Amino acid sequence: MPGRRDDPRGIVILGATGQIGRLTLELISRRGGELQVRALAARRNATGLAAAAARFQPAAVALADSAAADRFRQAAEGRWRGEILVGAEGLATLAAWDDAEIVVNAMVGAAGLPPSLVALQAGHRLALANKESLVIAGALVMQAAAESTGRLLPIDSEHSALLQCLSGRSREEIARLILTASGGPLRGHSAGALARVTPAEALRHPTWEMGPRITIDAATLFNKGMELIEAHWLFDVPFERLGVWVHPQSIVHALVEFRDGALLAHLSAPDMRLPIQYALSHPVRWPAPIPPCDLTRAGPLGFEAPDATRFPCLRIAQEAGRAGGTAPAVANAADEVLVVAFLSRRVPLTAIATGLETVLGRHRRVAAPSLEQILAADAWAREEAEAYAHDLGART
Ligand code: MG
């Protein structure tokens, strides 16, 4: 019998032209036909998507709207033929793609949530890099995973590290999960210096190369707070048992403290190809896509407690996670708006924390929200944060 095992595994990539999407495609070509790209989605990068479509020949692509689709059609002319879909419906079609086994969700923003739910409901493996899915709708996403044969595998380095440290362990044995944070480019800044920091300084991340929003979120530690919320949902661990250690070298990605006091840590070079590959290969491991990490040449590894006074966004995100319901969606949406306001020099970096507290303080939380209520809270928070940034900008 021809081995079914040797059939290529179908894969769909949402957010195919972003950093995670491009690295995923690079890993797929390294596997020499074992994985086959069935469909690709990008928001508006029509030329990038056309290049990927020409190279990987998926059956379908999806873009944000018909204008982007037209540009794609021109760019792909003569190099690719297939189905072109648009909008949220197009994404949903791709996320449920029949002969796909894996859906990589590397989209940025809340628009990534519905396709995450669809992929799990379709019984696919969801390799998840879209933070918003678990942050704003952890309960819905975990419920979709529990109710289907679909499986959720994190792509974020910290959560991939935790998954690997927890392999084969029972929940009762876990005392604490510790995520590391590089501390970002502003780790040593005083409170006064943080108030005057420019976007260019805040964008200079020492160890990871990422998009602008996540780089600012790494600098304020808001990103780490979001990752605590994701860890809470992924591993079903209460917030009291989740911690953060600042570790500037980004070699240790996470640690599990077990009830007997033993710590297991996951170490590797800070390179997203490793967690992406593990989300694809799990439960087995494939040969390394990068040179191994030589600790004798990595220099000393340091750890310190995060400074809650200078970096209040960590606590704010954590509290939103603990409050649950629509609070994390509000925190996430308000942060996104405030980060853009900072990057366009309309408000200082410190306004991200004060704006978050103001918007969260005004929010009337819904305890067990539906998808619609989550998206409504997201939209409300954007307006509130915009108004806050506008008022503050007008005053300074
Ligand atoms: Mg991370």
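In this text, all values refer to a predicted model and were calculated from it rather than measured experimentally.

**A closer look at the nonpolar core**
Working step 1: Ranked by internal contacts, the top residues of the largest apolar core, which has 129 residues, are F72 and L94.
Working step 2: A per-element tally of this core places helix α14 (residues 327-343) first, with 11 residues.
Working step 3: Viewed by domain, this core spans two of them, domain 1 (9-154) and domain 2 (157-188 + 196-212 + 231-306), each represented by three or more residues.
Working step 4: Setting aside its immediate chain neighbours within four residues, F72 contacts A46, L49, A50, A53, V61, L63, W80 and I84.

**A short note on the domain arrangement of the protein**
Working step 1: As assigned here, the protein comprises domain 1 (9-154) and domain 2 (157-188 + 196-212 + 231-306).
Working step 2: For domain 1 and domain 2, the distance between their C-alpha centres works out to 25 Å.
Working step 3: Between domain 1 and domain 2, the contact holds 24 residues from the first and 20 residues from the second.
Working step 4: Buried surface at the junction of domain 1 and domain 2, summed over both partners, amounts to about 1900 Å²; 68% is from carbon and sulfur atoms.
Working step 5: Of all residues in domain 1, L27, R31 and P154 give up the largest surface area on contact with domain 2, accounting jointly for 30% of the area buried on that side.
Working step 6: E26 is paired through a salt bridge with R273; the nearest N and O atoms lie 3.1 Å apart.
Working step 7: Looking at the side of domain 1 that touches domain 2 residue by residue, the class counts come to 14 nonpolar, 3 polar and 7 charged.

**Focus: the pattern of salt bridges**
Working step 1: A complete count under the given rule lists 27 salt bridges for this structure.
Working step 2: E158 serves as the salt-bridge partner of K224, at 2.7 Å between the closest nitrogen and oxygen. One end of the pair, K224, is in helix α11 (residues 222-235); the other, E158, is in helix α7 (residues 157-166), and 66 residues separate them in sequence.
Working step 3: Exposure remark for E158: the relative accessible area of 6% places this residue in the buried category.

Criteria and cut-off values
- Residues numbered from 1 in each chain as written.
- Predicted model: local features only at pLDDT ≥ 70, side-chain atom pairs only at ≥ 80, totals over all residues.
- Heavy atoms only, no water.
- Core = buried A, V, L, I, M, F, W, Y, C linked by side-chain atoms within 4.5 Å.
- Buried < 20%, exposed > 50% of the residue type's maximum accessible area, 1.4 Å probe, protein only.
- Helix = DSSP H or I, 4+ residues; strand = E, 2+ residues; numbered from the N terminus.
- Domains from an automatic or database assignment.
- Contact = heavy atoms within 4.5 Å.
- Buried area = accessible area lost by both parts, 1.4 Å probe.
- Salt bridge = Lys/Arg side-chain N within 4 Å of Asp/Glu carboxyl O.
- Nonpolar A, V, L, I, M, F, W, Y, C, P; charged D, E, K, R; others polar.

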